[in-house]
Structures are given as C-alpha cells and as structure tokens.
Amino acid sequence: PTQPPTHRRPSAEMKIMNCCGVCGDPETAGTCAYNFRQQESWSVTPTLVPRCVILIFSILGLFFLPIGAAILAENSKLYQSARTRYDLTCPADTATNASSAPACTFTVDIPTDLSAPIYFYYGIENMFQNARKYVSSVSYPQLAGTWPLASSALGTCSPVLYDPLLESDSNPEGVIIPCGLQAFSTFNDSFRLCPTEPSTPSTRPCTTPNMVTGFDSIDGIAWDSDIEKKFLPGPTPPAGPWTVEDNDFITNPQFMVWMRVAPFTGFVKLHRVITEDLPAGTYTLSVDSRYPVASFDGEKFVQFMTTGWYGRKNNFLGGLYVATGALCWGLAAAFLILHKVKPRPSAAVEPGRIKAMLIDATVDDDDF
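Owing to the predicted nature of the structure, the values given are computational and were not obtained by experimental measurement.

A. Broad picture of the overall build of the chain. The helix and strand tally for the chain stands at twelve helices and nine strands. Of the contacts made within the chain by residues no fewer than 6 positions apart, 78% connect residues no fewer than 24 positions apart. Total accessible area on the chain stands at roughly 22,000 Å², and carbon and sulfur atoms take up 60% of it.

Structure representation (structure tokens):
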C-alpha cells in the first residue's frame, strides 16, 4: 500500500495516540498512525538464540538448586513425629457432659531433644470438610458480631440455623449462635501433656499441675486477622442475642482454628504451641475424648512437629527444587552440546533477512 501523506488533519485515533505518547510529534503523526494501524511501529523483539537459551536455563538451575539444597539441609534438623492414633483406645464418650468426660491416658515417645517452639497437632482422617454444603454452611457476619442480620446473611447456615429452645425477646426466631454445620461440628477433644516419671505408672492421668509448661495456653494458634477482625463478640441482651458463653466460644482461638476449613479428607489442625524445650523421653498424654468419628469411619490422631524458615518438614518441596534445578542444568548442557556438535545458522539474528524473505514469498504468491 501507498504510504499516506505526512500532514493530514488529526483524526480521533491520532489524538488518542498523541495523548498516550505513541505519536508525540505532530509533523509525523500521520505516518505514526499508519504504522500503528499496520502493526509496523517500533518494538522490542527478543530473539532466543542458542546462547541465550543456554544462559537462561543455566541461571534457572543456579536459582533452584541452592534453594532445594537449603530446604533439604533444614529438613534434616526438623522433627515430625509419626501419627499416634487414639480413637480406638479412647472411644468418644458422647453421652457424658463435656466438662466431665473421663480421661484416657497413653504414652508418646520423643526420641530426640526438641527446641521450642514445638507444635502439637490433632488430626482427623476421612472427614470431608471440603464438602460443598459443609463449606457454605456458615455465617461470617454473625461470627463477626453483626446484629441485626438479614435473612440472606443467616440463610447460608442451613440446616443448622434455628432452635425453638433459644427463642427470647432478644432472639425471637431462636437463631443458633454460632450457626451452621462448621460451628456445630467443632472439635471438642482436650489434651494434657506431662513428662513421665520413672516411678509413675504409664496409665496415670496427666493432671494440670504436672503439665508441660505452656501446654495450657492457647496463645499463638490462631491468625491475628481472625482474632482482630473475623471472630468478634456480639451484643448481649437486650441489645442482641449473644450470651457470655457464646462470645467466649466464638472468640476462642481453638474454634478459629477449626473454622479454617481443610481442603483434603485427612488433615491436621494446630492445638498448642509448646514454649519450652522438650528433652527426649516418654511423655504421658491424657485425652478427654468427646468427638465421635466412628459414624463416618474416621480416625483421630496427634502429632508433634517443629518448623523451619519455610514451614514444617517437607522433603517433597526440597526434592522438587533440586530436581527442577538439575533438569534446567541438564537441558542447558544438552543444548550446549547440540549447538557445538551440530550448529545451524539462524535467520532470527538478522531481522532484515527475514523481512526480505517474506517480501519475496509474497511477490511469488502474487505472480502465481
């Protein structure tokens, strides 16, 4: 096509490009607009020549390999105990009042000295917290202490929403607080950890005075954002239907941890952060087992873990970084050998040559 004249009345398209800085010179605005429409404007076109590809893969390998090596080295210092299943030896007593459930005692072995902080987890297998109905059955405005609530904000709690026994002047509809399947199924087993004395029978229950320091504290197990913004006390009568017990339950960090829904059917949740070093040895763990799992063929277990700068022990993560770095270096070596043994010229290093070839091909096609 014929090149348009340089001087022409600026169109709306040209004005837009001038505002955007594409064509800043009014004298050449027409040519600039033409080049812009024909996609012939100046641009940067990276050319992946062999030496560039080899350099990129070498840099990637140099990036991934040290990170993987550092993770594997840190992994060797971390501790993660085997799962200690207890639901068979300590079946849930659902008929007993939660505050007076009988304690079940067993021992756990820690083979090496552990430095604080040490994280104590409980876990459940074969529980589908990721089920669609379970995930949606919660009212976050209610958990944040909002009142009054529209029916749309409470309707998500179905089927655990109303209880006639809760009807009152401040709660005429008998709304359950907190409502929803997630809150209704809150984990309620409790644990006590004590060092085992040589003269103490392994079946003797662990009592509060003998507990490991810090095991009775729930500090540090919930996210600060949950504590400060997401789980807040609601108004008590007559301003609202929350009771003191409801507010204590909702603002309990253990409840906040439970409400962080797990994506898989087997999961662990943080129960305590032990703030003192634990020497190697045998420890007594007393469990008030109240949470039933037999109805869905579930399992309950506990674990001890320590963490590093990247999280808890994870051999797969370190191995993945090392494997990726090794693969990058392997590809760089393969490309280097191929380039040296069987080099071939690349037209990409001469953009003018490519353009000439395309013009020749277009002329040939027109002749044909």
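B. Looking closely at the sheet that holds strand 4 (residues 190–195). Read across the open sheet, the three strands follow the order 2-6-4; overall the sheet is antiparallel. Two strands close off the open sheet at either side, each with one partner strand: strand 2 (103–110) and strand 4. With direction set aside, neighbouring strand axes in the sheet form an average angle of 25 degrees.

C. Representation of helix 11 (residues 315–341) within the structure. Along its 27 residues, helix 11 runs 38 Å from first to last C-alpha, staying within 8% of the 39 Å computed at 1.5 Å per residue. When helix 11 is considered as a whole, its buried residues turn out to be G318, G325, C328 and A332. Tucked into the core, helix 11 has its buried residues touching helix 3 (50–75). A side-chain oxygen of the first residue of helix 11 lies 3.2 Å from the backbone nitrogen of F316; this N-cap is N314.

D. Up close: the pairing of strand 5 (residues 267–274). For strand 5, the buried fraction is high: seven of the eight residues fall into the buried class. Across seven bridges, strand 3 (residues 118–125) lies against strand 5 in antiparallel orientation. For Y122, the partnering residue across the bridge sits in strand 5 and is K269.

E. Focus on helix 3. Spanning 26 residues, helix 3 covers 37 Å between terminal C-alpha atoms, matching the ideal 38 Å at 1.5 Å per step. All buried positions along helix 3 are accounted for by V53, I54, G61, F64, L65, G68, I71, E74 and N75. Contact partners of the buried residues in helix 3: strand 8 (307–308) and helix 11.

Calculation notes
Residues numbered from 1 in each chain as written. Predicted model: local features only at pLDDT ≥ 70, side-chain atom pairs only at ≥ 80, totals over all residues. Heavy atoms only, no water. Helix = DSSP H or I, 4+ residues; strand = E, 2+ residues; numbered from the N terminus. Contact = heavy atoms within 4.5 Å. Areas by Shrake-Rupley, 256 points an atom, 1.4 Å probe, with all protein chains shown as cover. Pairing = 2+ DSSP bridges. Axes fitted to C-alpha atoms, helices over the stretch in contact; angles between N-to-C directions. Expected span 1.5 Å × (residues − 1). Buried < 20%, exposed > 50% of the residue type's maximum accessible area, 1.4 Å probe, protein only. Polar contact = N/O pair within 3.5 Å; in protein donor to acceptor, adjacent residues only side chain to side chain.

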